[in-house]
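# Residue-level structural notes
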Amino acid sequence: MTDNYRKHTPFLKTVASHYCSLGYDVSNYCFVFPNRRSGQFFKSHFENCATRVTLMPEVTTITDFIGDITGDILISPIEAMFNLFYAYCEVSGNKDYEFDKFIYWGNIILNDFNDVDMYMVDAESIFRNTKELREIATDYMSAELKQAIETYFNVRFDPTQENNDAFWKQFSTSSVDENGQVKKDYLKLWQQLHALYLEYNKRIDDQGLSYNGKMMKKAVKIIKEKSVEAFNHDKYVFVGFNVLSNCELAIFDNLDNKGMAEFCWDYNSPAFEEKENKGTRFLDFYIKRFPSSIPKIEKIESFPHITVLGIPSNIGQAKYAFTVVDQWVDSKEIENAGNALDTAIVLPDERLFLPIINSVSNKVPKINVTVGFPLRDSDIVSLMRIVARLHSQATRTKGEAYYRYYREFVRDVLSHPILKSLFPKDCTSILGEIDNNNIYNVPEELFIGTGFEDLFITIHNTQNVNEVIDYIKRIIGFAKKAEALSPAKNDLTKRDDDTENADLLPLQNAFIAQYIEVLHEIEKMILKYGLPMSEISIFYLIDRLTGLYTIPFQGEPLAGLQIMGVLETRCLDFNNLIMLSMNERMFPRKFYSGSFIPTNLRKAFGMSTIEHQEAMTAYYFYRLISRAKNVCLIYDSSTQAIGSGEYSRFITQLEKVYHCKIVHRNITLGVKPTESLNFHVAKKENVLEKINDYMCPDSDARLSASSIKEFIKCPLKFYFHHVEHLNADNEESDFMDAATFGSIVHDTLQDFYYPATVAQGQLHHKVYKSQIKDFIKNKLDVQLKRNINRNYLKCNDDELDRELNGEALIISNALKRYVLNVLEYDMGLLATESDFFEIYECEINHRLVLNLEGCPPFNFTYKADRIDKINGTGPLRMIDYKTGKDETSVSCVGDLFKPDKRKVLAIFQLLIYCNAYRQEHPEELIIKPIVYKIRDMKTSRVNINKKEIEDFMEVNDEFIQEMKTLLNNFFDPQLSFNQCSEGSEVCSYCKFVEFCRR
């Protein structure tokens, strides 16, 4: 660190010291600042610099100064949008345009109107130029404007067409009329921008409302006409301004001409010695036109100590920022850690606000937050955005009183952090009911009685004002309930930017409280103006209107480490400075001008352009770092970052243009992958008792083919699942999963080959080709529908015949194709109409003590998909249906017992089923195992060592030998339940991986 580095005097202290040393009373002066924070710091410096008792001069912001001059009431963003919409309807004659679509480009028009007034442009002249569409298209329209039009209106500009007639024709939301002409909705907008400007201003004038540009323009006129004696103050001192609008210039001019203005410019940076620096593009002109009232300002010869850190994570920047703070505390660079007012963390990207708040170090007990956080990024708005989507997709069958919601959206709502934290029991209960019953369309009445039922009561008619107002009140009621239930533990912010003693609020509550205010504003506007919409969804209207707001956080200004946005740093200086998001295209941000006025026209009329934005950003950066002692610039070095991990051009300029010695460091976050745990479960007495139950004939503990295969793959998983009976099932999918799909196919085939009536009445029965044909023609669709309703939609018995819709209807076609594959294959096995299948059984549960030669006897259960004979003769066929990608061939029997061999369960279980069935029916001399591979029925067989098995006894000796080794290991008290080998594919789908971390 630079211990001998000279400490520079803060700019505001220089201004305060100058006016305190004048020798005459300045208490009737008014100091005007770009923002409120700089005025608060100035007051502190003035108090410290004052050498005699004096009254504090008036301190205000440029916005408040203009408001005091005009006395106008500033219009809210929502009311501005409503008034502009009705002005558009009046001017265009289009009474049916959808308000939610209007918001997108309505906000652009409002900004354009504001800029026209702010830069004192003749509205008729500029909008007359703008409406000349062909001239704009050929001569004036910049690439930025073309991109804006393409983005906002979903149209495409064809550069091959000289006059772009086709482009302007497609620039419309309306259809082609009977004469083949495109209706001119948007063309009318371009042609009538001036008329819209006049109508909008007339509407808000009638209500006594105004907007920033209009107030500025009015203030210019008032100040020009006002006499010196009529002003409230002797002098107006404008401090720390840089890029000015034409209105501001005119205000400065008028007050200067009256001898009532003084100016303090903060231009003392080494970077500003270089006249090519964009930060001085406008400042040099202002300084010459309005000389500084401070005769001499301390010269800064060089830049501070600068460290540039590359961190491969956006969130990692926030985490590491306080590592740097801790280092500065330890090295005493931060002079007073208890009140680190000399240190600031600046956030060019406001999305890092929450991560930085969650990373605060305990070495700096006080922090102060001064940043504008977009309301659209808050948790409450993200929740309501999901709720809006939920309602927009809600359905109601004719005659039903309640709506039904799509399961995926319900899960998203119930899984949201706000609901999960405030209503955990209700959320868990409903999610459990949805999963257990596999409810696809969740009924509205399911949420009655919960703490959040208001979110699930939808609007029957979105065109009914009373219903809409009732819905908004329900949302407000929920938000107030959430605000009341939120734990008050984070006293970082105040929501009142004007009142320093405002009550402290928890961070989450600040978001909710602001959201409630916006909802009240929407309610008020709807009651005042009605529903400005045709087929609009009120749910999306609320979401889009809340996107217009930013939450201003204001803490105790003169206490603690400062966390600030870039705009809040104006006029302020810090010894220690951390700036995050120092990536190219993030800082400076890639400016995108959303405007209906082309860039060349804006420039010609003296309006703000991208150059103004670039000049402001450069000024803020170089001014801020110049008086600091230690500067740490952090950027996201990952290739996924904005700018592909490239650091800001400002860093390059510091090195290449200003020859700063910068220390570059790349930080590895040190996040290590979770280490796997090597452990096993020994067969101690209590475990051994459970294992021995499998050999006790009176016990319910029974092995199955699938559980044995699970033991082969991972003994530890077998222990968790079958010994300790922990649930390893995956949660229900939003769509039909493979297991449910297979069950429906199995059940449908069983309904035909072995219906319940047959199973109860006789031992064996016959199925002829004609019966298969009849089932396909007359019964398959009905039976398939019933099984889908039963197995997937979990319908009651009296609802099994209801018609399918949605995803279930779509997937029923695939299910039918699978069933037909089996039926058509079976018909091919019957040569004549007199041939038949003799069905022995389908899906019958067997429980027995299985005795395999040389193996310990064990309790076993099995259920064969189908056992039959063709024409009642030949081998008994042991059939297993497989709807997946199961193998029908293996190179040897030993492969069936290898943990890494996938998709061989069908062959394994058929061989053990054959042994079990032979034990129960020794008269069956030949049993043929067959895997029905339903995806590709021509491959249905069991092949071992490249030979189709006609009788399981061909490979049974080898199979028994492998089973002997396996069972001896299973029952051996000395052998533990071990994990599978590390890196096994078994772990990819195992829910118990959280235990062993494989």
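The shown structure was predicted, so the numbers you read here are calculated from the model rather than taken from an experiment.

### A word on the pairing of strand β6 (residues 261-264)
Both faces of β6 are covered, namely the face carrying A261 and F263 and the face carrying E262 and C264. Alignment of strand β5 (residues 235-239) against β6, held across four bridges, turns out to be parallel. Across the sheet, the residue bridging to F238 is F263, located in β6. As for the winding sense of the linkage, the β-α-β connection from β5 through helix α13 (residues 246-257) to β6 is right-handed.

### Quick look at the sheet that holds strand β1 (residues 29-33)
The strand order across the open sheet formed by four strands is β2-β1-β5-β6, and the pairing between neighbours is parallel. The open sheet has two edge strands with one neighbour each: β2 (58-61) and β6. Adjacent strand axes in the sheet meet at a mean angle of 25 degrees when their direction is disregarded. The pairing of β1 with β2 spans four bridges and is parallel. When the bridges of β2 are listed, V32 appears paired with T60. The strands touched by helix α3 (residues 62-70) within the sheet are β1, β2 and β5, with β2 carrying the most contacts at an inclination of about 100 degrees.

### Some thoughts on the sheet that holds strand β21 (residues 866-870)
The five strands are arranged β17-β18-β21-β22-β24 in an open sheet whose pairing can be described as mixed. At either end of the open sheet lies a strand with only one pairing partner, and these are β17 (765-768) and β24 (927-933). Recorded for the sheet is a direction-independent mean angle of 35 degrees between the axes of neighbouring strands. Along the sheet, helix α34 (residues 905-920) contacts β18 (836-841), β21, β22 (873-882) and β24; its crossing angle with β22, the most-contacted strand, is approximately 140 degrees.

### Here we look at unusual backbone geometry
Here the residue pair F587 and P588 is connected by a cis peptide bond, since its omega of 5 degrees sits within 30 degrees of zero. Looking at where P588 falls in the secondary structure, it is placed in the loop between β14 (576-579) and α24 (599-604). Look at M120: it is not a glycine, yet its phi comes out positive at around 55 degrees. Tracing the chain through its elements places M120 in the loop between α5 (99-118) and α6 (123-131). Notably, K946 is not glycine yet its phi reads approximately 65 degrees, a positive angle. Inspection of the secondary structure assignment puts K946 in the loop between β25 (943-944) and β26 (947-948). Here K946 falls in the exposed class, since its relative accessible area comes to 84%.

### Looking at the environment of I625
Here I625 lies in helix α25 (residues 610-626). On the basis of relative accessible area, I625 is assigned to the buried category, the value being 0%. Along the backbone, I625 and L577 are 48 residues apart, and their C-alpha atoms lie at a distance of 7.5 Å. Residues contacting I625, with those up to four places away along its chain left out, are F303, P304, I306, L577, V631 and L654.

### Quick look at the confidence of the model for the chain
Across the chain, the average pLDDT comes to 85, with 86% of residues at or above 70. Confidence drops under a pLDDT of 50 for residues 730-734, and excluding neighbours within four residues, the segment shows 15 contacts in the predicted structure.

### A closer look at the nonpolar core
F65, F238, L419, F452, Y622, L654 and Y753 are the most contacted members of the largest nonpolar core, which has 254 residues in total. The element that contributes the greatest number of residues to this core is helix α22 (residues 507-529), accounting for 11 residues. For F238, the residues in contact, after removing those within four places along its chain, are V32, I62, F65, F252, L255, A261, E262, F263 and C264. Among the nonpolar cores identified, the runner-up in size contains 63 residues, and F718, V890, F897 and C996 belong to it.

Thresholds, definitions, all that
Residues numbered from 1 in each chain as written. Predicted model: local features only at pLDDT ≥ 70, side-chain atom pairs only at ≥ 80, totals over all residues. Heavy atoms only, no water. Buried < 20%, exposed > 50% of the residue type's maximum accessible area, 1.4 Å probe, protein only. Helix = DSSP H or I, 4+ residues; strand = E, 2+ residues; numbered from the N terminus. Pairing = 2+ DSSP bridges. Right-handed = clockwise from strand over helix to strand, strands pointing away. Axes fitted to C-alpha atoms, helices over the stretch in contact; angles between N-to-C directions. Contact = heavy atoms within 4.5 Å. pLDDT = per-residue confidence, 0-100. Core = buried A, V, L, I, M, F, W, Y, C linked by side-chain atoms within 4.5 Å.

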